[in-house]
Amino acid sequence: ESACGVLHTSPSFSEATMPQSGLSPVKLNLDSLNDAGDRYELGELLGSGVCGEVYSATDNESGGKKVAIKIQKITKDSMEEIQEEYRILRDLSSHPNLPEFYGVYLKRTRNGDQIWFVMQLCEGGPVVDLVRGLLKRNKKMTEQHIAFILHETVKALVHLHEHHVMHRDIRGSNILLTKLGEVKLVDFGLSRELKSTMDKRKTCLGSPSWMAPEVVTSDRIEGEDPNSYDIRADVWSLGITAIELGDGKAPFEGIHPTRALFQIVRNPPPTLYRPANWTQLYNDFITECLEKNPDNRPFMVEIMEHPFLTSLPDNDFHLTQELKSLLEYVSPDIVATRNAEVIVRKKFMTTRAHPVPEEMHTEDLAALEDITEDTVLCELQERNKHNNNYTFVGDVLLFLNPNAEQDIYNLETQTKYFCKSRSDNAPHIFSVADSAYQDCFHHEEPQHIILSGETLSGKTTNLKHLLNHLNYLGLSPNKVGDKVMKALNIIHAMGNAATPVNADSTRHIMQLQVTYSSTG
């Protein structure tokens, strides 16, 4: 039936038109779509992301039925995503763990044309909202509920993979609950159809914290298989989502995408924050999913057979009822404090607040793919343009002196760098001080920091910031650190001199030793 635009009223539509494997090649013809007119009355904004916004709406032609409408601006760059999402919704939405698809419309506005995808409303919202709501009240989701949500998600993913579709954006915010406690996997904006189940993609694309290592490195070197990935990238994302459901956030969530991608590739696979607080089955499920070598990682259909999922009761009706009753923990403040969506495409980052793709620059020049004088200078120039004056080169911290006051050495910044891994924060002199302090205590070995550079390069200033942070880390009751800082000023007063280019130039070599006791 096509009352306005393209309308699907029966789930048998996809069964009748879908080929044995893959999606129907028939694409969306924008010229055949009409405006929805007054049929839908938009209501509450349910969510907004890089690709568009989702609203609840009332279908005035179906007795006031509540639906969800995803609204996306039509641009040259977005047409491929729109076409792919339409084909997936059209052909595969009959699966019980995917949202029912009701139709697609074209909306013409002053600011440009929009595509409207009308689908089933999932009143319970993202499962991660429920997890965060429980944690706020000092509760956590039970492992059986986590296993049930993952089991239903895996069923949807097996269905997609069987039809050669890779989701590429599996995360807690894309797994929704209906008012009846049913689980639905949504958002196919980044999904792609493959030529076969074993086909591969080569575009570095996804939400940073959930991206598989092979996806992060996929487009770094031109070539075939060594830098491509297959549907098992979804298995990695599922493992990260499993951690998210337990801890309330993904392992690399909250840090800059550049650092997140660096850690995904360089670090061992993440685990639950406190693995001992959870069963061995749950931990093992995560370990199976987060195998860094994609060739050794299981396929989704194999994950379905993991004991963590198969241990669920055959009759899971009571689990949907329990999830339904837990939805009361999702309060408005939980919804209001959702993390903003970030999408990485190749070397560019896009957010809702900054829709224009922003190039991501490496924070460690040693990690550059092509190390030449030009690439190094270009990277430093771009970082300096964005007031990122510190840059790592392996273990060396490079500082480009802006010769201007910067508010990046305050107490708030010191707290941010306190006892953190180097890759948790942006390059900074505090990171060097903190790393030396931790190594000193953990390995009980003397640490050496050398500052060198041309005149006006910032040696004296950075030495003061370095010592100030070391004092902060080893703060003692008698404030010995303050006396050390005053002594340093006296030494500089005696050993510094004016030059034609610097009124306070260090004209000596200084060796400073800091010793910590049990009290600081």
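Residues numbered from 1 in each chain as written. Predicted model: local features only at pLDDT ≥ 70, side-chain atom pairs only at ≥ 80, totals over all residues. Heavy atoms only, no water.

## Some details on the overall build of the protein
Within the protein, the regular secondary structure consists of 17 helices and 19 strands. Seen along its three principal axes, the alpha-carbon backbone of the protein occupies a region of about 90 × 50 × 45 Å. The buried share among the 520 residues of the protein stands at 47%. Within the protein, contacts between residues separated by at least 24 positions form 66% of all contacts whose residues are at least 6 apart in sequence. When the accessible surface of the protein is split by element, carbon and sulfur atoms take 52% of a total near 26,500 Å². Put simply, the protein has 52 plus and 72 minus side-chain charges, and the middle of one group is 4 Å from the middle of the other. (Helix = DSSP H or I, 4+ residues; strand = E, 2+ residues; numbered from the N terminus. Buried < 20%, exposed > 50% of the residue type's maximum accessible area, 1.4 Å probe, protein only. Contact = heavy atoms within 4.5 Å. Areas by Shrake-Rupley, 256 points an atom, 1.4 Å probe, with all protein chains shown as cover. Lys, Arg positive; Asp, Glu negative; His and termini not counted. Charge placed at Lys NZ, Arg CZ, Asp CG, Glu CD.)

## Comments concerning the UniProt feature "domain: Myosin motor" (unreviewed entry) in the protein
The UniProt record marks residues 360-520 with the feature "domain: Myosin motor" (unreviewed entry), using the residue numbering of this structure. A distance of 39 Å separates the end C-alpha atoms of residues 360-520, which is 41% helix and 7% strand. (UniProt positions renumbered as here; feature names shortened; annotations may be inferred.)

## Digging into the packing of helix 4 (residues 143-162) against helix 6 (residues 233-247)
Relative orientation of the contacting elements helix 4 and helix 6 amounts to 160°, with a least axis distance of 11 Å. For the element pair helix 4 / helix 6, the angle class is roughly antiparallel. For the pair helix 4 and helix 6, the crossing hand works out as right-handed. The segment helix 4 lies against helix 6, with Ile146, Ile149, Leu150, Thr153, Val154, Leu157 and His161 engaging Asp234, Leu238, Ala242, Leu245 and Gly246. (Axes fitted to C-alpha atoms, helices over the stretch in contact; angles between N-to-C directions. Parallel < 35°, antiparallel > 145°, perpendicular 65-115°, else oblique. Left-handed = near helix turned anticlockwise from the far one by under 90°.)

## A look at the sheet that holds strand 7 (residues 125-126)
In spatial order, the strands read 7-9-10; together these three strands make up an open sheet with antiparallel pairing. Single-partner strands in this sheet number two, and they are strand 7 and strand 10 (183-185). Pairing of strand 9 (residues 175-177) with strand 10, which is carried by three bridges, proceeds in the antiparallel orientation. Bridging from a neighbouring strand, Ile175 pairs with Leu185 of strand 10. (Pairing = 2+ DSSP bridges.)

## Section: a nonpolar patch on the surface
On the surface, Val393, Val396 and Leu398 cluster together into a nonpolar patch covering about 210 Å² of accessible area. Along the polypeptide, Leu398 turns up in strand 17 (residues 396-399). (Patch = residues over 30% accessible without salt bridge, like charges linked within 9 Å, V, L, I, M, F, W, Y side chains within 5 Å. Salt bridge = Lys/Arg side-chain N within 4 Å of Asp/Glu carboxyl O.)

## Quick look at the pattern of salt bridges
Counting across every chain of the model gives 22 salt bridges. Across the salt bridge formed by Arg345 and Glu81, the nearest N and O atoms sit 3.0 Å from each other. Within this pair, whereas Arg345 is found in strand 13 (residues 342-345), its partner Glu81 is found in helix 2 (residues 79-92), the two being separated by 264 residues in sequence. Assessed through its relative accessible area of 35%, Arg345 is described here as partly exposed. By relative accessible area, which is 6% here, Glu81 ends up buried.

## Some points on the pairing of strand 6 (residues 112-120)
Here strand 4 (residues 65-73) pairs with strand 6 via seven bridges, running antiparallel. Bridge pairing in strand 6 links Ala68 to Met119. In this structure, strand 5 (residues 101-109) lies alongside strand 6, joined through eight bridges in antiparallel fashion. Bridge assignment links Phe101 to a residue of strand 6, and that residue is Met119. Between strand 5 and strand 6, which pair antiparallel and follow one another directly, the connecting turn spans two residues.

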